[in-house]
Amino acid sequence: MRRYHLTTFGCQMNSHDSERIKGMLESLGLGEATSKEDADLVVFNTCTIREKPDTKLSAYLGDAGARKRENPDLVIAVGGCFAEAQQERIFDLYPQVDVAFGPGSIPHLGDWVGVGGEGVARGRFGTHEHFAGHLPPHRERAAHAWVQVSMGCNSTCSYCIVPAVRGREQSRRPGDIIAEVTRLAFDGVREITLLGQNVNSWGRDLSPDIRTEFGELLRACDAVDGIERIRFTSPHPKDFREPVIAAMAECDAVCEHIHLPLQSGSTRILKAMRRTYSRERYLTLAARLREAIPDLALGTDVIVGFPGETEADFAETLEVVEGVRYDSAFTFIYSPRRGTDAAVMADQIPEPLKHERLERLVEVVQRIAAEKNAERVGNIEQVLVEGPSRTDPTLLRGRTRRNTTVLFPGVGEAGNLVDVTIEGSTSTTLRGSIASAVPA
Ligand code: SAH
Ligand code: SF4
Ligand code: F3S
């Protein structure tokens with residue numbers, strides 16, 4: 001076996017898991033294939049948060065199965081959340097799959113696909129075992145790194161499959177996290193994003209001798225030389241406490257950017273979702289964050305068409321979105337997931353109505369994002385260069401501290417910090433030209 005190809009679905013957690021999968025396969029001597037057609041091993045790191053990624057995977061596995069009929073030596077491995085959720089049925093659903101593995105068993109993958117010595121171990125293995133923190137990651141961006149702080153989730157949101165597939169929350173030890181951040185800084189990483197399903201409940205399950213909380217972790221990361229920017233995702237509004245707000249306000253490296261999932265603007269629906277906050281409590285928190293952290297960018301996740309959502313509930317969601325004026329928002333149509341409570345609730349909303357609400361929501365989200373980006377025109381913003389633009393190689397692409405993508409003419413290396421004068425905007429990006437390099 002010489003070459004692998006990996007396809008990743010889903011959230012940042014999965015992107016990061018994929019970096020570990022790649023790093024591990026490469027450390028065992030495999031190279032990355034340029035396409036699936038070219039690979040001896042194809043791996044799918046899957047997501048099952050909504051029906052859409054499941055459908056997409058099915059199409060990809062159909063193609064892979066056809067290639068396997070031509071080349072019986074091709075090994076197909078399916079990892080991640082879909083594999084975990086469908087562990088009882090995956091080989092019945094997709095007989096072309098050789099190996100399936102849950103998100104907690106990445107470290108075994110090399111052995112199971114037969115690059116660790118033994119042959120391919122057909123079957124399905126392991127679950128929620130441990131961090132793959134010891135595996136060498138193959139990072140996608142030179143100056144940015146994901147840093148996992150916890151795995152799993154202890155919440156019980158009634159629509160969500162994540163607790164079932166990622167297990168109970170398990171915080172990583174602070175010493176291990178800081179050691180990784182220090183190593184990353186030494187490797188030239190300038191920006192880190194701390195990852196967890198509920199980052200701000202991090203630390204509560206640690207043993208008493210090392211127990212601490214998320215605000216302290218932010219401060220410890222801020223103290224690492226070379227780390228210029230710190231982000232985290234996602235915090236749960238119910239756990240966003242004052243010490244974290246204080247740490248954000250006081251630590252220079254912590255960016256003015258928070259992704260604060262709303263899900264719904266109706267207290268009645270929030271209750272049915274088991275989010276454990278009300279519309280008022282969310283709004284109070286958003287206002288408090290804006291007060292404590294000047295020039296804060298707020299992002300969010302919203303679900304439309306949750307069972308029982310009336311026009312009045314949806315109007316409340318629109319109202320909150322208008323009121324908070326998010327800089328960005330991910331908008332989702334509610335998708336029933338097998339085994340979750342919401343999937344069997346009465347009053348499921350018909351698909352056309354869900355789509356109509358999504359369209360109305362997206363319109364508001366995009367209008368506000370465009371207005372907010374337009375307000376930046378004329379400013380000088382600090383931009384961390386990520387590399388050339390994906391569509392125009394004469395342009396560089398980078399991100400502001402508020403997490404907006406900026407395109408500007410120039411040549412420069414990933415990891416450079418430059419001041420950019422903002423000259424134009426859309427709902428998703430800013431354009432500008434270099435003002436000057438920021439002195440180190
Ligand atoms: N732990 C994170 C979210 C992880 S899932 C948090 O709570 O903030 C990312 C987003 O997917 C969620 O915030 C939610 O908006 C959306 N989502 C989760 N389950 C969904 C479902 N069944 N249908 C539609 N959207 C869903
Ligand atoms: Fe899912 Fe809720 Fe946990 Fe987020 S906090 S992963 S939405 S159960
Ligand atoms: Fe992420 Fe999807 Fe799993 S959103 S946690 S990859 S179900």
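One can find the structure itself at the top, above this paragraph.
Bear in mind the structure is a predicted one, so any value in this text is a computation, not a measurement.

Trainee: Is there a simple way to explain helix 2 (residues 51–70) in this structure?
Mentor: The α-helix winds at 3.6 residues per turn, so residues separated by three or four positions along the chain end up facing the same way. The terminal C-alpha atoms of helix 2 lie 30 Å apart, and with 20 residues this matches the ideal 28 Å at 1.5 Å per residue to within 8%. Structurally, helix 2 contributes buried residues whose contacts are with strand 3 (41–46), strand 4 (75–80) and helix 3 (81–85).

Trainee: Sorry if this is basic, but what is going on with the side chain of Arg397 here?
Mentor: Note that Arg397 resides in strand 16 (residues 395–400). Apart from the residues within four sequence positions on either side, Arg397 is in contact with Leu384, Val385, Glu386, Gly387, Pro388, Ser389, Arg390, Thr405, Val406 and Leu407.

Trainee: Which parts of the structure should I look at to understand the sheet that holds strand 7 (residues 144–148)?
Mentor: Within a sheet, neighbouring strands are paired by backbone hydrogen bonds and run either parallel or antiparallel to one another. Here three strands make up an open sheet; going across it, the order is 7-10-11 and the pairing parallel. Both outer strands of the open sheet, strand 7 and strand 11 (229–233), are each paired with one neighbouring strand and no more. When strand polarity is set aside, the average angle formed by the axes of neighbouring strands in this sheet is 25°. Two elements, strand 10 (residues 191–195) and strand 11, share five bridges in a ladder whose sense is parallel. Paired with Ile192 across the strands is Ile230, a residue of strand 11. Sheet strands in contact with helix 1 (residues 12–27) are strand 7, strand 10 and strand 11, and its direction is about 100° off that of strand 7.

Trainee: Mind showing me how you'd approach the site of ligand 3 here?
Mentor: Around ligand 3 lies a shell formed by Cys11, Asn14, Cys47, Thr48, Ile49, Cys81, Arg166 and Gln197. Split by residue class, the shell around ligand 3 holds four nonpolar, three polar and one charged.

Trainee: Would you take a moment to explain the sheet that holds strand 13 (residues 297–304) for this structure?
Mentor: The three strands lie next to each other as 12-13-14, forming an open sheet whose pairing is parallel. Each end of this open sheet is capped by a strand with a single partner; those strands are strand 12 (257–259) and strand 14 (328–333). Going from strand to strand, the sheet's axes swing by 10° on average, the running direction of each strand aside. Inspection of the sheet shows strand 13 paired to strand 14 by six bridges, in the parallel sense. Paired with Val304 across the bridge in strand 14 is Ile333.

Trainee: Help me understand the packing of aromatic side chains in this model?
Mentor: Two measures describe an aromatic ring pair: the distance that separates the ring centres and the angle between the ring planes. For the coordinates displayed, the defined rule picks out eight aromatic pairs. For the pair Tyr159 and Phe306, a centre-to-centre distance of 6.4 Å together with 85° between the ring planes defines the contact as edge-to-face. Of this pair, Tyr159 sits in the loop between strand 8 (150–151) and helix 6 (162–166) while Phe306 sits in the loop between strand 13 and helix 12 (311–324), and the two are 147 residues apart along the sequence. Note on Phe306: relative accessible area 0%, which makes it buried. An angle of 40° between the planes, with centres 5.9 Å apart, marks the rings of Tyr277 and Tyr282 as tilted. Across the pair, exposure class does not vary: Tyr277 and Tyr282 are buried alike. An aromatic cluster is built from Phe9, Phe44 and Tyr60, whose rings are joined through pairwise contacts.

Trainee: Help me understand the site of ligand 1, please; the structure alone is not making it clear to me.
Mentor: In the vicinity of ligand 1 lie 15 residues, with Gln197, Pro261, Gln263, Asp301 and Ser335 positioned nearest. Within the side chain of Asp301, one N or O atom sits 2.6 Å away from an oxygen atom of ligand 1. Interatomic distance of 2.8 Å between a backbone N/O atom of Ser335 and a nitrogen atom of ligand 1. Summarising the interface, the protein chains cover 89% of the accessible area of ligand 1, which totals 540 Å² for the free molecule. Mapped by element, the contributors of at least two residues to the shell around ligand 1 are strand 13 and strand 14. Here the shell around ligand 1 is composed, by residue class, of seven nonpolar, four polar and four charged.

Trainee: Would you explain the nonpolar core in this entry?
Mentor: Soluble, globular proteins show a tendency: their nonpolar side chains are buried together. Counting 68 residues, the largest nonpolar core has Ile192, Leu194, Leu218 and Phe240 as the members making the most contacts within it. Membership of the second largest hydrophobic core comes to 19 residues, among which are Leu41, Leu109, Ala132 and Leu135.

Parameters at a glance
- Every residue gets a number counted from 1 within its own chain, in the order that chain's sequence is written.
- Each chain is given a letter, starting from A, and each ligand a number, starting from 1, according to the order in which they appear as written.
- Whole-chain, interface and lining totals are the exception, using all residues; otherwise, since this is a predicted model, local features are given only for residues with pLDDT of at least 70 and side-chain atom pairs are given and counted only at 80 or more.
- Note that water and hydrogens are dropped before the side-chain values are worked out from all heavy atoms of the structure.
- Counting from the N terminus, the helices are the DSSP runs of H or I reaching at least four residues and the strands are the DSSP runs of E reaching at least two.
- To estimate the expected span of a helix, count its residues, drop one, and scale the result by 1.5 Å.
- Contacts are assigned to residue pairs that have any heavy atoms within 4.5 Å of one another.
- If DSSP finds at least two bridges between two strands, the strands pair.
- Orientation is described by axes fitted as lines to C-alpha atoms, over the contacting stretch for helices, and by angles from 0 to 180 degrees between their N-to-C directions.
- A single heavy atom is enough: if one lies within 4 Å of a molecule or strand, its residue is considered near that molecule or strand.
- Classification used: nonpolar for Ala, Val, Leu, Ile, Met, Phe, Trp, Tyr, Cys and Pro, charged for Asp, Glu, Lys and Arg, polar for all others including Gly.
- Note on aromatic pairs: the rings of Phe, Tyr and Trp (six-membered ring only in Trp) are paired at centre separations within 6.5 Å, and the planes decide the class, stacked below 30 degrees, edge-to-face beyond 60, tilted for the rest.
- Whether a residue is buried, partly exposed or exposed follows from its accessible area with a 1.4 Å probe, protein chains only, as a fraction of its type maximum: under 20%, in between, or over 50%, in that order.
- Contacts described as polar in this section are N or O atom pairs within 3.5 Å, which, within protein, must combine one atom able to donate a hydrogen with one able to accept it, while residues neighboring in sequence count only if both atoms come from side chains.
- Using a 1.4 Å probe, the Shrake-Rupley method yields the accessible areas, and only the shown protein chains count as cover for residues.
- Throughout, nonpolar core names a set of buried Ala, Val, Leu, Ile, Met, Phe, Trp, Tyr and Cys residues whose side chains join them through atoms within 4.5 Å.

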